[in-house]
Amino acid sequence: MIAPPQEPPSAAVHRTKAMVFMLFAVCAMNFADRAVFSALAQTIKADLRLSDLELGLLQGLVFALLYALVGLPIGLLAERHSRKRIVAAATAIWSAATLATGLATNFLQLAASRLIVGMGEAGFTPCAASMVGDVAPRDKRASTMSLVLLGTPVGIFAGATIAGLIAASWGWRAAFVAFSIPGLIIAALFLLIVEEPHRGMTDNTAAPESAPPIGTFLATVAGNRSLVWVIAGGSLAGFGMTSISQFLAVFLARAHGLGVREAAATFGSVSGISIALGLLVGSFGTDYLSRRDPRWPAWGAAIGLVCAPPIYLAAFHAGSLSVSIALLLLAGSFLLMFFGPTAGMIQNLLPPRMRASGVALYTLLYTLIGSGLGPVFVGGMSDLFAARAYGTSYTIDCPHGLAPAGALAERAASCAAASASGIQMALSLAVLSLFVAGACFLLAAPGLKRSA
């Protein structure tokens, strides 16, 4: 083993701050690009005549497929090669694919571009978590990672709000083109500014010179029951969270009659504020409490996941837009309390040379279960519930959930009401998964005390 070279404390602090800031910027672009599609989903649906199931596939399984397949290989690659180069390359790839999304004219072209976006974005999280694990001590990893992940609410707010403004003036395609350019610039800056941190800098022992083989890594994960429960809980929480985030703008447009600009701005504001609050409270709060009892990261995540569903159910069925928004903000803040502590627990439960792989494995399952199945489940159930609300002739009278051009006002209103009912019921069913996720984190808690 080779211990990392010593350097002046001020230089180390400067490099850490620069790295965390640039990771924050990349994270912001990552989620801005995702938010553009979510915010404009209803507009894209109407323009290309897509069903809710097709929307769910584009935002879920299609996006998640390559994200999940390449995530673990990228994590293993990050244990052996420069993580900053992987992050820069991944950012450039998904930014180019975002541009291609704006040029798509049918479902298959959208699906191809979303596949590439997913593949590119898979390179960010494992590398970011591994780099943070090298520069932050054990009791500050969740809170340091939360500073990176604050790019999530910033990106969602900026992506949704700006995309709505651009789409209202120049169409939805222009929004994707506009968001591809900053990502390419940030990719180049990341490569120039960030320095690769030495592995295991803040651990008591230096990291091994070479990464262990995949069999050793998988055996380590399988033998750590707490880690298994943390990954399971985070993946199930991702199912509920992604189901909500990908269809929230659609829900606002249908249930409360908002236009594309208003729905996008409201979606961005609600998501941004609730994610920021949940991240900060969950990460800094549990880091602080973990100094008294190391089980608090799991307990904090469980508390948020159990409190969120009943508030979401009230929000989805509130008659007033203002009441619904207030409840969505509260529910989202509780839900996101799991996000930062999960990354911190995975880093703390694994040695330095396995952290990128551990986060990659979590990301793979989170993506398949959450991003892959969540939106598809909501889209399919929304179509089913809408058909039940309308009657047996729904697919004929309301193709793709929309009344045909020139339809009578009464039919158009009936189609819209059934479509709104469908998305309300589908989202209400999806959030029940959060109770199971909370139970997984409670089962993980005892092992955190033993590993401290």
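Predicted model only: the values in this text are computed from it and were never measured.

Analysis parameters
- Residues numbered from 1 in each chain as written.
- Predicted model: local features only at pLDDT ≥ 70, side-chain atom pairs only at ≥ 80, totals over all residues.
- Heavy atoms only, no water.
- Helix = DSSP H or I, 4+ residues; strand = E, 2+ residues; numbered from the N terminus.
- Rg over C-alpha atoms; globule rule 2.2 N^0.38 Å.
- Buried < 20%, exposed > 50% of the residue type's maximum accessible area, 1.4 Å probe, protein only.
- Contact = heavy atoms within 4.5 Å.
- Areas by Shrake-Rupley, 256 points an atom, 1.4 Å probe, with all protein chains shown as cover.
- Lys, Arg positive; Asp, Glu negative; His and termini not counted.
- Charge placed at Lys NZ, Arg CZ, Asp CG, Glu CD.
- Disulfide = S-S within 2.5 Å.
- Axes fitted to C-alpha atoms, helices over the stretch in contact; angles between N-to-C directions.
- Parallel < 35°, antiparallel > 145°, perpendicular 65-115°, else oblique.
- Nonpolar A, V, L, I, M, F, W, Y, C, P; charged D, E, K, R; others polar.
- Core = buried A, V, L, I, M, F, W, Y, C linked by side-chain atoms within 4.5 Å.
- Left-handed = near helix turned anticlockwise from the far one by under 90°.
- Patch = residues over 30% accessible without salt bridge, like charges linked within 9 Å, V, L, I, M, F, W, Y side chains within 5 Å.
- Salt bridge = Lys/Arg side-chain N within 4 Å of Asp/Glu carboxyl O.
- Phe/Tyr/Trp six-rings, centres within 6.5 Å; stacked < 30°, edge-to-face > 60°.

Peer 1: Whenever I open this one, the overall build of the chain confuses me. Can you help?
Peer 2: When helices and strands are tallied, the chain shows 20 helices and zero strands. Compactness check: the chain gives a C-alpha radius of gyration of 22 Å against a globular reference of 22 Å for 452 residues, within 12% of the reference. Along the longest, intermediate and shortest principal axes, the C-alpha atoms of the chain span 75 × 45 × 35 Å. For the chain, with 452 residues in total, the buried portion stands at 56%. Partitioning the contacts of the chain with sequence separation of at least 6, the portion at a separation of at least 24 is 84%. Carbon and sulfur atoms provide 70% of the accessible area of the chain, an area that totals close to 17000 Å². Where the 27 positive side-chain charges of the chain centre and where its 19 negative ones centre are 6 Å apart.

Peer 1: Explain the side chain of Ser419 here, please?
Peer 2: Of note, Ser419 is situated in helix H19 (residues 409-430). For Ser419, a relative accessible area of 6% translates into the label buried. Apart from the residues within four sequence positions on either side, Ser419 is in contact with Arg254, Ser382, Ala386, Tyr394 and Gly401.

Peer 1: Mind showing me how you'd approach the state of the cysteines here?
Peer 2: Two cysteines form a disulfide when their sulfur atoms are joined by a covalent bond. Considering all chains together, one arrives at one disulfide under this definition. We note that Cys440 lacks a disulfide partner, and the nearest cysteine sulfur, in Cys307, lies 17 Å from it.

Peer 1: Please explain the packing of helix H2 (residues 41-48) against helix H12 (residues 225-256) as it appears in this structure.
Peer 2: To characterise two packed helices, one gives the angle between the axes of the helices and the distance between these axes. Two elements in contact, H2 and H12, have axes whose closest approach is 8 Å; the angle formed by their N-to-C orientations is 75 degrees. Looking at the two axes, H2 sits roughly perpendicular to H12. Between H2 and H12, the residues in contact are Ala41, Gln42 and Lys45 and Val250, Ala253 and Arg254, respectively. Across the contact of H2 with H12, the residue classes break down as three nonpolar, one polar and two charged.

Peer 1: So what exactly am I meant to see when it comes to the nonpolar core here?
Peer 2: Most often, soluble globular proteins have nonpolar side chains that are buried together. If you look at the biggest cluster of nonpolar residues, it comprises 127 residues, and the most contacted ones within it are Leu335 and Phe338. Apart from residues no more than four positions distant in its own chain, Phe338 is found in contact with Gly234, Ala237, Gly238, Met241, Ala301, Leu305, Tyr362, Tyr366 and Phe441. Core analysis: the next-biggest nonpolar cluster, separate from the first, contains five residues, Ala386, Tyr394, Cys415 and Ala418 among them.

Peer 1: How do you make sense of the environment of Gly159 when you look at a structure like this?
Peer 2: Examined against the element boundaries, Gly159 turns out to sit in helix H9 (residues 151-170). Judged by relative accessible area, Gly159 falls into the buried class, the value being 0%. Taking C-alpha positions, Gly159 is 20 Å from Gly123, a pair spaced 36 residues apart along the chain. Contact partners of Gly159, with chain neighbours within four places excluded, come to Ala32, Ala35, Val36 and Phe179.

Peer 1: How should I be thinking about the environment of Leu335 in this particular structure?
Peer 2: Residue placement: Leu335 occurs in helix H15 (residues 321-335). For the pair Leu335 and Ile369, spaced 34 residues apart in the sequence, the C-alpha separation amounts to 17 Å. Those residues in contact with Leu335, other than ones at most four positions away along the chain, are Met241, Ile244, Gly304, Leu305, Ala308, Tyr312 and Leu434.

Peer 1: Would you mind going over the packing of helix H7 (residues 124-135) against helix H17 (residues 355-390) with me for this structure?
Peer 2: Relative to each other, H7 and H17 sit at 140 degrees, their axes nearing to 8 Å. For the element pair H7 and H17, the recorded crossing hand is right-handed. Taking contact as the criterion, the partners of Thr125, Pro126, Ala129, Ser130, Gly133 and Asp134 in H7 are, on H17, Arg355, Ala356, Val359, Ala360 and Thr363. A per-class count over the contact of H7 with H17 returns five nonpolar, four polar and two charged.

Peer 1: Explanation requested: helix H16 (residues 339-348) in the structure shown.
Peer 2: Working note: α-helix, 3.6 residues per turn, so residues spaced by three or four point in the same direction. Counting buried positions over the ten residues of H16 gives nine, a clear majority of the element. All of the buried residues in H16 are Phe339, Gly340, Pro341, Thr342, Ala343, Gly344, Met345, Ile346 and Gln347.

Peer 1: Whenever I open this one, a nonpolar patch on the surface confuses me. Can you help?
Peer 2: Among the surface-exposed residues, Ile181, Ile185, Leu189, Leu192 and Ile193 lie close enough to one another that they form a single nonpolar patch of about 490 Å² accessible area. Along the chain, Ile181 falls in helix H10 (residues 172-193).

Peer 1: Any chance you could explain the packing of aromatic side chains here in plain terms?
Peer 2: Any two aromatic rings considered together are summarised by their centre-to-centre distance and by the angle between their planes. Under the defined criterion, the tally for this structure stands at eleven aromatic pairs. Centroid distance Phe251 to Phe316: 5.5 Å. Interplanar angle 75 degrees. Geometry classified as edge-to-face. Here the residue Phe251 occupies a position in helix H12, and Phe316 occupies one in helix H14 (residues 296-316), the gap between them amounting to 65 residues. By relative accessible area, Phe316 is classed as buried at 0%. Every member of this aromatic cluster is reached through a ring pair, and the members are Phe338, Phe339, Tyr362 and Tyr366.

Peer 1: Would you explain the environment of Leu328 in this entry?
Peer 2: Tracing the chain through its elements places Leu328 in helix H15. Sequence-wise, Leu328 and Leu349 are 21 residues apart; in three dimensions their C-alpha atoms are separated by 33 Å. Those residues in contact with Leu328 that sit more than four places away from it in its chain are Leu248, Phe251, Leu252, Val270, Tyr312, Ala315 and Phe316.

Peer 1: Would you explain the side chain of Thr101 in this entry?
Peer 2: Structurally, the position occupied by Thr101 is in helix H5 (residues 83-103). On the basis of relative accessible area, Thr101 is assigned to the buried category, the value being 0%.

Peer 1: Any chance you could explain the pattern of salt bridges here in plain terms?
Peer 2: Where charged atoms from two side chains of opposite charge approach closely, those side chains can pair. The full count for this structure, using the stated rule, is four salt bridges. Here Asp47 ties to Arg173 by a salt bridge, and the two come within 4.0 Å at their closest N and O atoms. Linking Asp47 in helix H2 with Arg173 in helix H10, this pair joins segments that are 126 residues apart in sequence. Residue classification places Asp47 among the partly exposed positions, given a relative accessible area of 43%. With a relative accessible area of 27%, Arg173 lands in the partly exposed category. Close ionic contact of Arg295 with Asp293 constitutes a salt bridge, the shortest N to O distance being 2.8 Å.

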